[in-house]
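Summary of the model geometry
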Amino acid sequence: MSQKAEKPTLSGTRLKTRKRDEKEKYDPTAFRDSIIAGLSTCGGDLEQVSRFLDKEGSKLDYRRYAEVLFDTLFAGGILAPGGFITESADTGKPARSDTCVFRWDGEVDKLKGFYEVFYKLIRRYKYLEKAFEDDLKKILLFQKGFSEEEREKLAKITGIILANGLCTPRILSSLFEDHLVKEGISLEFAANMFSTWLSEKDISSITTALKKQQLDTRLMEMFPLNKRNLDQFTNFFRERNLGVIADMQTAHVASKAKKEAVKYLADMIKEESSDADMTDYVTELIDKQGMSETEVTLSIWTSVMASVEWNKKEDLVAEQALKHLRQFCPLLKATARSPKSELALMLKVQEFCYENMNFLKSFQKIIMLLYQNDVVTEDVILKWHKDGHSAKGKSVFLEQMKKFVEWLNSAEEESEEEEDDKEED
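The text that follows walks through the structure, step by step, so that each part is easy to find. (Residues numbered from 1 in each chain as written. Predicted model: local features only at pLDDT ≥ 70, side-chain atom pairs only at ≥ 80, totals over all residues. Heavy atoms only, no water.)

Let us now look at the overall build of the protein. Of the regular secondary structure elements, the protein holds 19 helices and two strands. In terms of overall size, the protein is more extended than a compact globule, its C-alpha atoms giving a radius of gyration of 35 Å where 425 residues would be expected to give roughly 22 Å. Overall, the protein is about 145 × 75 × 45 Å in size when its C-alpha atoms are taken along their principal axes. Of all 425 residues assigned to the protein, the portion counted as buried reaches 43%. Pairs at least 24 residues apart make up 70% of the contacts formed inside the protein by residues separated by at least 6 positions. For the protein, the centre of its 64 positive side-chain charges and the centre of its 75 negative side-chain charges are spaced 14 Å apart. (Helix = DSSP H or I, 4+ residues; strand = E, 2+ residues; numbered from the N terminus. Rg over C-alpha atoms; globule rule 2.2 N^0.38 Å. Buried < 20%, exposed > 50% of the residue type's maximum accessible area, 1.4 Å probe, protein only. Contact = heavy atoms within 4.5 Å. Lys, Arg positive; Asp, Glu negative; His and termini not counted. Charge placed at Lys NZ, Arg CZ, Asp CG, Glu CD.)

Rendered as structure tokens:
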């Protein structure tokens, strides 16, 4: 009787995973518990807190649990979506520490102490820099779940952080979210934050920092749509004694309007609109839209000179320039109404001729044209020649103007003599 053949089986050696290759389970709760336990031993002494965090960085995985670390230092525990603290499953362990920004003294000087904790920690563990910024951006987004007092403390320490450059204003993009804007949370936060920032640095610090992140153009978005206008903006910040913030926004709006106006003017010149239409438009810019004579005059010059492709030959470009400029002299005359704007125009012509070498010999001819068409007066030309010129091409242009200035001086002397003769008669 034949025996039944055994079925073949696969067998092999079971490989043991090396301890260093085993992936440690992600356990944010255990990390939080370690941080809270350590903070509780510091007795509210922030110097002790900094020493504890510095020491524990070699034992705890700050890189992996950075979000939990900063949640705990800001809010006291792990923040769940919506801004609520995640409760502890173990009732014997606290889910929240009292050593955190939200439970600290809300005075700016006291909060500066907590800023030092963040500063020392990030200086020691440089890799936490981005995680710190990301977490703060997230925390700003969760403000609806915080108390009014907590939001105020958060705004103040954010002002200190931004004033000292510990992170970038990129975090402020959270303030443009609808749920914060509609409740007025964004505006209240901004007022407290800017007030603290200004107590640390001047307005230029704020302007520069916001511009770098292209946020200077978005501040109006903190207002609900039905209140998103300059009047509402300036009234709100002036009422909070933040006139410099209101002025910053006013200047930005004015700058934007000027750029649009200059672009429209450039289009009119390029499209050869009628003299009457262009004159009406530039007059309105000065009289009604608040642009200065100098700004409009220089904008006309820039647009006029940019509207043509110039001949590259020096002997031909002068004739081309004079022919082109002649038709715009009435427009320049309408805006250069004062010695200040006339001198600014002469300096602009000087700069243009210096920077465009084929125009180097055309300076005197252009000024003569402007003089003959009453755009610049002899007093302004004499002022420019005496001490009003710039250093750009100074020797070349002063030499070009020498004979013309001598003629103006002699004409002025003859005029004075004639007046004296009349008085004697």
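Attention now goes to the side chain of Ser 341. Structurally, Ser 341 is set in helix α16 (residues 339-355). Side chain to side chain, Ser 341 and Glu 293 meet in a polar contact 3.3 Å long. Aside from chain neighbours lying at most four places away, what touches Ser 341 is Glu 293, Thr 294, Thr 297, Thr 335 and Ala 336. (Polar contact = N/O pair within 3.5 Å; in protein donor to acceptor, adjacent residues only side chain to side chain.)

Next up on the list: the packing of helix α14 (residues 314-326) against helix α17 (residues 363-372). At a minimum axis distance of 10 Å, the contact between α14 and α17 shows a crossing angle of 20°. Taken as axis vectors, α14 and α17 run roughly parallel relative to one another. Relative to α17, the crossing made by α14 is right-handed. For the pair formed by α14 and α17, the contact residues are Ala 318, Leu 322, Leu 325 and Arg 326 on the first element and Lys 365, Ile 366 and Leu 369 on the second. Taken together, the residues of the contact of α14 with α17 sort by class into five nonpolar, no polar and two charged. (Axes fitted to C-alpha atoms, helices over the stretch in contact; angles between N-to-C directions. Parallel < 35°, antiparallel > 145°, perpendicular 65-115°, else oblique. Left-handed = near helix turned anticlockwise from the far one by under 90°. Nonpolar A, V, L, I, M, F, W, Y, C, P; charged D, E, K, R; others polar.)

Right, let's get into the nonpolar core. Judged by nonpolar contacts, the single largest core of 75 residues is most densely connected at Leu 53, Tyr 62, Phe 74, Phe 118, Leu 172, Phe 194 and Phe 237. Discounting chain neighbours no more than four positions away, the residues touching Leu 53 are Ile 35, Tyr 62, Leu 69, Leu 73, Val 117, Leu 121 and Tyr 125. In this structure, Leu 285, Val 296, Leu 332 and Ile 381 belong to the second largest nonpolar core, which totals 50 residues. (Core = buried A, V, L, I, M, F, W, Y, C linked by side-chain atoms within 4.5 Å.)

For the rest of this paragraph, the subject is the packing of helix α3 (residues 66-75) against helix α4 (residues 108-124). Running from N to C, α3 and α4 point in directions that differ by 165°, and their axes come no closer than 11 Å. Judged by the angle between their axes, α3 and α4 are roughly antiparallel. The way α3 lies across α4 gives a crossing that is right-handed. When α3 is examined against α4, the residues Leu 69, Phe 70, Leu 73 and Phe 74 are found in contact with a partner set consisting of Phe 114, Phe 118, Leu 121 and Ile 122. Counted by class, the contact of α3 with α4 contains eight nonpolar, no polar and no charged residues.

What the rule picks out here adds up to 28 aromatic pairs. With 5.1 Å between their ring centres and 70° between their planes, Phe 70 and Phe 132 make a pair best called edge-to-face. Linking Phe 70 in helix α3 with Phe 132 in helix α5 (residues 128-141), this pair joins segments that are 62 residues apart in sequence. No difference in accessibility class separates Phe 70 from Phe 132, as the two residues are buried. Seen in terms of ring centroids, Phe 74 and Phe 132 are 6.0 Å apart; in terms of plane orientation they differ by 25°. Their pairing is stacked. (Phe/Tyr/Trp six-rings, centres within 6.5 Å; stacked < 30°, edge-to-face > 60°.)

The subject of this paragraph is helix α2 (residues 46-56). Residue pairs spaced three or four apart in an α-helix point in one direction, given the helix's 3.6 residues per turn. Every buried residue of α2 is accounted for by Leu 46, Val 49, Ser 50, Phe 52, Leu 53 and Glu 56. Within α2, the buried residues cover an arc of 165° as seen down the axis, which keeps them to one side. (Arc of directions from axis to C-beta.)

So, on to the state of the cysteines. Taken as a whole and judged by the stated rule, the model has zero disulfides. Distance from the sulfur of Cys 42, which forms no disulfide, to the nearest cysteine sulfur (Cys 100) is 13 Å. With no disulfide of its own, Cys 167 has Cys 100 as its nearest cysteine by sulfur position, at a separation of 18 Å. Relative accessible area serves as the criterion here: at 6%, Cys 167 is assigned to the buried category. (Disulfide = S-S within 2.5 Å.)

What follows is about the pattern of salt bridges. Taken as a whole and judged by the stated rule, the model has 30 salt bridges. With a shortest N-O distance of 2.7 Å, Glu 133 and Arg 170 are connected by a salt bridge. With Glu 133 in helix α5 and Arg 170 in the loop between α6 (148-163) and α7 (178-182), the pair connects residues that are 37 residues apart, well separated along the chain. With a shortest N-O distance of 3.2 Å, Glu 152 and Lys 156 are connected by a salt bridge. Taken together, the positions of Glu 152 and Lys 156, both in helix α6 and four residues apart, correspond to about one turn of that helix. Through salt bridges with shared partners, a single network forms among Glu 67, Asp 71, Asp 135 and Lys 138. (Salt bridge = Lys/Arg side-chain N within 4 Å of Asp/Glu carboxyl O.)

Here α4 is 17 residues long and its end C-alpha atoms lie 24 Å apart, about the 24 Å a rise of 1.5 Å per residue gives. If you check which residues of α4 are buried, you get Leu 111, Phe 114, Tyr 115, Val 117, Phe 118, Leu 121 and Ile 122. What you see down the axis of α4 is that its buried residues fit within an arc of 145°, all on one side. Of the exposed residues in α4, the ones pointing more than 90 degrees away from its buried face are Asp 109 and Arg 123. (Expected span 1.5 Å × (residues − 1).)

This brings us to unusual backbone geometry. Backbone geometry at Asn 241 places phi at a positive 60°, although glycine is not the residue there. Looking at the secondary structure, you find Asn 241 in the loop between α10 (230-239) and α11 (243-270). Of note, Glu 272 is a non-glycine position whose phi angle comes to about 55°, a positive value. In this fold, Glu 272 is placed in the loop between α11 and α12 (275-287). For Glu 272, a relative accessible area of 67% translates into the label exposed.

Note that Gln 232 resides in helix α10. The exposure class assigned to Gln 232 is partly exposed, which follows from its relative accessible area of 33%. Each C-alpha atom of the pair Gln 232 and Ala 246 lies 9.9 Å from the other, and the pair is 14 residues apart in sequence. Discounting chain neighbours no more than four positions away, the residues touching Gln 232 are Phe 223 and Lys 227.

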